[in-house]
Every structure is written in structure tokens, then in C-alpha cells.
Amino acid sequence: MRKHARFSPSASKRYLNCPPSLVLEEQFPETTSEFAEEGTAGHALAEHLIKKYLKIRTKRPTSDYYTDELVGAVDDYVEYVKEQIDRAKKECREPIISVEEKVDVSAYIDGCFGTADMVIITDNRLHIIDLKLGKGVPVYAEENTQLMIYALGVMDSYEMLFDFEKVVMTIHQPRLENVSHWEVPVKDLILWGEEILRPRAEMALNGEGDFAVGEHCRFCKAKNQCRARAEEMLKLAQLEFKKAPLLTDDEIAEVLLKKDELVKWAEDVYTFAQNEAINNGKVWSGYKLVRGKSNRKYTDEEDVAKAAKENGFNDIYKKSLIGITEM
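Residue positions are given per chain, counting from 1 as you read along its sequence in written order. Predicted model: local features are reported for residues with pLDDT of at least 70 only, side-chain atom pairs are reported and counted for 80 or more only, and whole-chain, interface and lining totals are derived from all residues. Calculated side-chain values reflect all of the structure's heavy atoms, with hydrogen atoms and water omitted.

Pairing of aromatic side chains here covers Phe, Tyr and the six-membered ring of Trp, requires ring centres within 6.5 Å, and sorts the geometry by plane angle: under 30 degrees stacked, over 60 edge-to-face, intermediate tilted. Summed over all chains, the structure comprises 3 aromatic pairs. Ring geometry for Tyr158 and Phe162: centres 6.5 Å apart, planes at 65°, overall edge-to-face. Buried means the residue's accessible area, taken with a 1.4 Å probe over protein chains only, is under 20% of the maximum for its type, while exposed means over 50%, and partly exposed covers the values in between. By relative accessible area, Tyr158 is classed as buried at 16%. One aromatic cluster in this structure is built from Tyr158, Phe162 and Phe164.

Before going further, it helps to examine the pattern of salt bridges. Should a side-chain nitrogen of Lys or Arg be within 4 Å of a carboxyl oxygen of Asp or Glu, the pair is scored as a salt bridge. Considering all chains together, one arrives at 12 salt bridges under this definition. Lys13 serves as the salt-bridge partner of Glu215, at 2.9 Å between the closest nitrogen and oxygen. Taken together, the positions of Glu215 in the loop between helix 6 (186-206) and helix 7 (227-234) and Lys13 in helix 1 (residues 12-17) put the pair 202 residues apart, joining distant regions of the chain. Taking relative accessible area as the criterion, Lys13 reaches 45% and is therefore assigned partly exposed. For Lys221, the salt bridge is made with Glu30, and the minimal N-O distance between the two is 3.1 Å. Here Glu30 lies in the loop between helix 2 (21-25) and helix 3 (34-53) and Lys221 lies in the loop between helix 6 and helix 7, a separation of 191 residues in the sequence. We classify Lys221 as partly exposed; its relative accessible area is 30%. On the basis of relative accessibility, which here comes to 60%, the residue Glu30 falls in the exposed class. A run of H or I in DSSP counts as a helix once it spans at least four residues, and a run of E counts as a strand once it spans at least two, with each numbered from the N terminus.

Now for the nonpolar core. Phe7, Leu126, Val167, Met169, Leu189 and Leu197 are the most contacted members of the largest nonpolar core, which has 39 residues in total. Within the residue set of this core, elements represented by two or more residues are helix 1, strand 2 (113-121), strand 3 (125-131), helix 5 (145-158), strand 4 (166-173), strand 5 (178-185) and helix 6. With 9 residues, the top contributor of residues to this core is helix 5. For Leu126, the contacting residues outside a window of four places in its chain are Val119, Ile120, Ile121, Ala151, Val154, Met155, Phe164, Lys166, Val167 and Val168. Here the nonpolar core consists of buried residues drawn from Ala, Val, Leu, Ile, Met, Phe, Trp, Tyr and Cys, with membership extended through side-chain atoms lying within 4.5 Å. In this structure, Leu49, Leu54, Ala73 and Val74 belong to the second largest nonpolar core, which totals 20 residues. Whether two residues touch is decided by their heavy atoms; if any such pair falls within 4.5 Å, the residues are in contact.

A cluster of acidic side chains, namely Asp300, Glu301, Glu302 and Asp303, defines a negative patch on the protein surface. Following the sequence through the fold, Asp303 ends up in helix 9 (residues 301-310). Put simply, a patch holds well-exposed residues, over 30% relative accessible area, that have no salt bridge, with like charges counted together within 9 Å and Val, Leu, Ile, Met, Phe, Trp or Tyr side chains within 5 Å. In this description, accessible areas are obtained by the Shrake-Rupley approach with a 1.4 Å probe, and a residue is regarded as covered only by the protein chains that are shown. When charges are tallied, Lys and Arg are placed among the positive residues and Asp and Glu among the negative ones, while His and the ends of the chain are skipped. The atoms used to mark charge sites are NZ of Lys, CZ of Arg, CG of Asp and CD of Glu.

Criterion used throughout: strands pair if DSSP finds at least two bridges between them. Taken together, 5 strands build an open sheet; the order of strands is 1-2-3-4-5 and the sheet is mixed. Edge positions in the sheet fall to strand 1 (96-104) and strand 5, since each has one partner strand and no second. Taken pair by pair, the neighbouring strands of this sheet meet at an average axis angle of 25°, ignoring direction. For strand 1 and strand 2, the ladder comprises 8 bridges, and the chain directions are antiparallel. Bridged to Asp104 within strand 2 is Phe113. The strands touched by helix 5 are strand 1, strand 2, strand 3, strand 4 and strand 5; relative to strand 3, the strand with the most contacts, the crossing angle is about 140°. Each of strand 4 and strand 5 is contacted by helix 6, which is oriented at about 90° to strand 5, the strand it contacts most. For every element, the axis is a line fit to its C-alpha atoms; helices are fit only across the contacting stretch, and the angle between N-to-C directions ranges from 0 to 180 degrees.

Between helix 5 and helix 6, the shortest axis-to-axis distance is 10 Å and the interhelical angle comes to 105°. The angle between helix 5 and helix 6 places the two elements in the roughly perpendicular class. Within the contact between the two elements, helix 5 uses Thr145, Met148, Ile149, Ala151, Leu152 and Met155 and helix 6 uses Val186, Leu189, Ile190, Trp192, Gly193 and Leu197. Classification used: nonpolar for Ala, Val, Leu, Ile, Met, Phe, Trp, Tyr, Cys and Pro, charged for Asp, Glu, Lys and Arg, polar for all others including Gly. Per-class residue counts for the contact of helix 5 with helix 6 are 10 nonpolar, 2 polar and no charged. Oblique is the label for any angle not covered by the other classes, which are roughly parallel (under 35 degrees), roughly antiparallel (over 145) and roughly perpendicular (65 to 115).

Looking now at helix 4 (residues 68-91). An expected span of 1.5 Å times one less than the residue number is assigned to each helix. An ideal rise of 1.5 Å per residue puts 34 Å on 24 residues; helix 4 measures up with 35 Å between its terminal C-alpha atoms. Taken together, the buried positions of helix 4 are Leu70, Ala73, Val74, Tyr77, Val78, Tyr80, Val81, Gln84, Ile85 and Ala88. Among the structural elements, helix 3, strand 1, strand 2, strand 3, strand 4 and strand 5 are those in contact with the buried residues of helix 4.

The subject of this paragraph is the side chain of His216. Following the sequence through the fold, His216 ends up in the loop between helix 6 and helix 7. Relative accessible area serves as the criterion here: at 12%, His216 is assigned to the buried category. When residues no more than four places from it in sequence are discounted, the contact partners of His216 are Lys13, Arg14, Asn17 and Cys18.

The element strand 2 is largely enclosed, with a buried count of 8 among its 9 residues. As paired strands, strand 2 and strand 3 are joined by 4 bridges and run antiparallel to one another. The residue of strand 3 that forms the bridge with Val119 is Ile128. Here strand 2 folds back onto strand 3 in antiparallel fashion, the turn holding 3 residues.

As C-alpha cells, then:
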């Protein structure tokens, strides 16, 4: 299993917005998901294909996640990277091209490191490219803290060889046809590293600062039990409505603004409570587990039909009226 830094660049948006969440999360076990496993498989394939293009010895990875759709998405990303590699070779006599670059950011954050999907360096230009295989929420390069941290680490490693003037960051999200770019002057990036990243990362590692609720809570391990998040959500029920029997337009608008986040929070808490009850025997006051009805299905109807007929059963089909749309 790949080792992770305490302050992980991929979780930096959460830690920078809500510093004490880093220490709070550490009491929860590491988890994974099919989406994460699929993403890992996709990145491995992309690395292989790019190395093959660069004539670097590599072995094609195998995975049960390699569907035509995933392979097609990876191919889109790889084609984009090839274009950037060819451009760099035209701009610079000896560009540095690194796939899955190990980045050390300990100059800014104690013990911080990560892996940049693609790093391309020419005489005065640093290009960080990141592959995102998510299908749900678009991710953008502008002020993306993960890529900003990687850029600071790369600049620190190569500052003796290159006089960087600008940094370009790209997020390629092929499944959403999203290619996002952001260019930032080196001096601005360094200023952010010194004035924002370094002090807030130190707070996070020490468990200091104030909890803050926001979109960054989505992937937090503590989101189901976080008191700060619960209090923020419950403020909706504590609105000091006016004495009039009907809500005003402004009050209704306030409810609508918080609706999605409130529903998501309630679903997160319910899922957590249900899991604790089913897997750990937890009893919640006022609730009990009820055995649900499951719909069983044949895994292969043709095999079942064949086996039934071979054993003398022929009356195994029934007719039903076709649906309205088909009719």
C-alpha cells in the first residue's frame, strides 16, 4: 500500500480551510472505494502509456477495472500529454519530462510529499498536469491547492537548474471533457506558500485553529460525526422566524440555499448509523433493525434455462404484456 504524508496534498483544500480536521481525521481508519481503486488503475495505465511513448521500459498493468470506457478516458489524457511533451521539445533543447514525479514539499510543510502525475519543465516554464478520472464533480486548476503544493515542491527541487518565470497547472478530466488551465507568476505562488500554506499547514499538523464547514467537508472522514458540521446544519432548524404565520420570501430563500447541504448531511449521518447497527451491533435509541426484502436474480439466465431443460423442466417461461413505451 502506498505510504501517505500526514498533510496530504490531495486533501490540502480541506486542511487549509479547516486546519484541525487533519488531527480529527486521524482517529478514523483508512478506507478505500471502488472509485478510488478504479482511479489508481487508470493512473497506472496512463503512466505505462506515457513511458512507452518516451521509450522508457515499462510493463503494461492489468486490472479488472479496465473497461473500454476507462481505457478510452485514459487515452484522451495520454494524447493531451503527448502534445505537451512535443511542444516542450520544440521550446527547449533538453526539457525535463517526468511521469509520476515524487515531490518533496518538506521545505514548506514538515514531512509533506506527494506524486505529481506529469511534470514538464522547459527553460523558464513549469507545467504540472493532473489526471482526474471522476465522473461527478468538475475539478478546476485555478487556485487548486494540490497542484500549487506540487509546483512549490518541484520548484524547490529544480531551482538550481532552472530560472522559473511562470507555472502552468492543468487538470485533465476526460470523462467530463474538462481540461482546465491556470497560469500563475512564480513570485505569487511563493508568496502563497510562505504566507498561507506554511502557517496553516503547521496549524493543521498541530490540531490547532477553528473548524470550518463548507464544500471541503465532502471527503472528510469525520463528516458523519463532526460537531461543527452538525451545529452548522442545525442552524437551519433554529432560524428565528418572524411571528407572521407564513414564511417570508427571504426566509424561504435561506432554506433553499441550505437544502442540498442539509439533505447530504442527514444522509451521511443516516448511512453511518446504519453501518454501525448492521456491522457493529450498535443500538440507536428509538430505532431497530428490520430485515429487508431482497430481489434475487439469476446470474446467467441462459445457463439456468439450459440446466432446467436438461433436467426435464420445460414450463419455465411466462408471457407478459409489453410496456407502454414499447407498445
